[in-house]
Every structure is written in structure tokens, then in C-alpha cells.
Amino acid sequence: MSKLINNHFDMDIHPPYQATEYKSTILRASSKPLVITKKTLSELSGPVFNDFKLGVLDHDLTKNAIIDGEPIGERIVVQGKVTNELGQPISNTLLEVWQANAAGRYVHKVDQHNAPLDPNFLGTGRCMTDTHGNYKFYTIKPGAYPWGNHQNAWRPNHIHFSLFGGDISSRLITQMYFPGDPLLEYDPIYNAIPKRGKELLISSFDLSVTEPDFALGYRFDIVLRGHIATPFKNK
Ligand SMILES: O=C(O)c1ccc(O)c(O)c1
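To keep things clear, this report deals only with the structure shown in the data block. For clarity, every value in this text was computed on a predicted model and none was experimentally measured. (Residues numbered from 1 in each chain as written. Predicted model: local features only at pLDDT ≥ 70, side-chain atom pairs only at ≥ 80, totals over all residues. Heavy atoms only, no water.)

As for the nonpolar core
Convention followed: Among buried residues, the Ala, Val, Leu, Ile, Met, Phe, Trp, Tyr and Cys ones that are joined through side-chain atoms within 4.5 Å form a nonpolar core. Residue burial is assigned from relative accessible area. The probe radius is 1.4 Å, only protein chains are included, and a residue is buried under 20% of its type maximum, exposed over 50%, and partly exposed in between. Here, two residues are considered to be in contact whenever any of their heavy atoms come within 4.5 Å of each other.
Core analysis: the largest hydrophobic core is formed by 32 residues, its most contacted members being V78, L95, Y135, F137, I159, F161 and I222. With residues near it in sequence (within four places) discarded, Y135 still touches V78, Q79, G80, K81, V82, L95, C127, M128, T129, F161, F220 and I222.

With respect to the packing of aromatic side chains
To keep things clear, this is the line we draw: Pairing of aromatic rings covers Phe, Tyr and the six-membered ring of Trp, with a centre-to-centre limit of 6.5 Å; geometry is then stacked below 30 degrees between planes, edge-to-face above 60, and tilted otherwise. Helix and strand definitions follow DSSP, with helices as H or I runs of at least four residues and strands as E runs of at least two, each counted in order from the N terminus.
Per the stated rule, a full pass over the model turns up 13 aromatic pairs. Ring centres 5.5 Å apart and planes at 65 degrees place the aromatic pair F49 and F52 in the edge-to-face group. You can call F49 buried: its relative accessible area is 12%. Residues F49 and F164 carry aromatic rings whose centres are separated by 5.2 Å and whose planes lie at 45 degrees to one another, so their mutual orientation is tilted. One end of the pair, F49, is in the loop between α2 (41-45) and β3 (75-84); the other, F164, is in strand β9 (residues 158-164), with 115 residues separating them in the sequence. Like F164, F49 is buried.

Points about the pairing of strand β10 (residues 171-177)
Applied cut-off: Strands qualify as paired when DSSP identifies two bridges or more between them.
Counting buried positions along β10 gives five out of seven residues, so the element sits mostly inside the fold. Where β9 meets β10, seven bridges bridge the pair, whose relative direction is antiparallel. Within the sheet, the bridge partner assigned to L163 lies in β10 and is L172. Hairpin connection between β9 and β10: a loop of six residues separates the two successive antiparallel strands.

Looking at the site of the ligand
Counted only if it meets this: For this purpose, a residue is taken to be near a molecule or strand whenever a single non-hydrogen atom of the residue falls within 4 Å of it. Nitrogen and oxygen atoms within 3.5 Å of one another constitute a polar contact, given that in protein one can donate a hydrogen and the other can accept it, and given that sequence-neighbouring residues count only through two side-chain atoms. Methods summary: accessible areas were calculated by the Shrake-Rupley approach with a probe of 1.4 Å, and residue burial reflects only the protein chains presented.
Near the ligand lie 12 residues; those nearest to it are Y22, S24, R28, Y145 and Q175. Within the side chain of S24, one N or O atom sits 2.8 Å away from an oxygen atom of the ligand. Here the ligand loses 83% of its free accessible area of 290 Å² to cover by the protein chains. Looking at the shell around the ligand, the elements with two or more residues in it are α1 (24-28) and β9.

A short note on the sheet that holds strand β5 (residues 124-128)
So the rule is basically this: Axis lines are fitted to C-alpha atoms, over the contacting stretch for helices. Their N-to-C directions set the angle, which ranges from 0 to 180 degrees.
Pairing in this open sheet of four strands is antiparallel, and the strands run β5-β4-β9-β10 from one edge to the other. With partners counted over all chains shown, the strands left at the sheet margins are β5 and β10, one partner each. In this sheet, neighbouring strand axes are inclined to one another by 20 degrees on average, regardless of whether the strands run parallel or antiparallel. Pairing analysis gives five bridges linking strand β4 (residues 94-98) to β5, with the strands arranged antiparallel. Bridging across to β5, E96 finds its partner in R126.

Take a look at the structure:
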């Protein structure tokens, strides 16, 4: 029997709002039970992305910030399918990604990690799912970085994802990890997730997604809601 919060989130998959080892959750987690509010008419009828036009390079982080050369690092292509709990595709939905560069540094003033910025890499991109729920983007494999949670704490390589569901007010924010990363077992953010959920967050290396002489391919399918839902980020 799965543990549902407000008939909504399966806590056999999703992380708790407060996980003691993941220190920033101690201050920011709510101490009261969540209240799921009813969606307003404007949320339900608000704009969706059917007519949304993306820039031609939005889905290609290896090119969308080039100033004077190619970004440094291992090029990858990430591909997957977004479905609901019944396996039905979520089409024409906006998927946004952000990440550190190959050296483990974000382009953000708060990130003061002593690793180089890459003048040709911004680390943000977006794409839409097609009519079958499929998406694809190109990027540079993100590096690991220290994050001060505890002595010698390093985040495993990961890409942040944001996706919209059926309307503008339903949004999943999560992180995709890479198979075989030795840092996963030490990461309190990853370890806050129940075992079933953890597996859903690791992409798989896929030779059929790999593009010859260009980029290694990873597959990351995403399920919005239900008992095999992709875990959300507890923030
Ligand atoms: O929630 C945080 O504190 C936190 C810290 C480092 C990260 O890489 C991250 O994704 C979240």
C-alpha cells in the first residue's frame, strides 16, 4: 500500500520535505501538513504551450551560447518521453533544463566555486515535447561540484529539469542523474529519495540515441504523477 500525501504524492517515491542529512531542508521545509489548493479558473484556462515558438538553438546547449568557440566538455544528447500515469503522452509541453558546465560551475553570481566558467556555455536550454510526448536536447555533460552541505560533499553530475503538466499551474521540478556515478551513494539530496524513486531519476546510456562522431546518448523518460511518477525535488 503506497503512502499518499493528500491523495497526491506517493511518499514511497518522492522525498520528504525535510531530510535531516540534506541540511537546507531543515529550515525550509514546512512544519505543517501541506494544503493542496483548488485550482482557479485562470490557472486551468491559462495559456498552454500549443502555439509557443522556441528559438532554433534553444534545445542545443552546445551551441546556444557560443561567443567565440565550442564549449569544452563531453557532448551528450538526452532524449526521452513524457507521459502521464496511464502511459499517455504529454504532448506540446515545455521542458526546461539548467546545469553546471563540464568543470562543475554554474553561470550564477551565487556560484563562487573555484572552477572555470566556460565563455561559450550558459547551461540553460528548453524544448517542447512532440505529439508523442518525445523530447530531445543536446548539451555538455555537467561536472560534479562541492556544495558545503558537509565536509567533502560533492554533488553527482546532474541536470535540472522543469516540466509543465496539463495546465500552467502543474509543474514538476526534478534532477536527472547519470548511471554509475560514484558520488550518488554519498549525496544527501539523492539519498533523501526512497529507493523506488531513486531508480527513476537515473538516465540510461543508450547507443541507439548516441550520434556517431558527435555525442553520447542518454535516455530519460519522465512520468508525471501516479505510482511510477518521477520524483519531484523537495524545495
Ligand atoms: O537545495 C539545495 O540546497 C541544493 C544545493 C545544491 C544543489 O546542487 C541543488 O540542486 C540543491
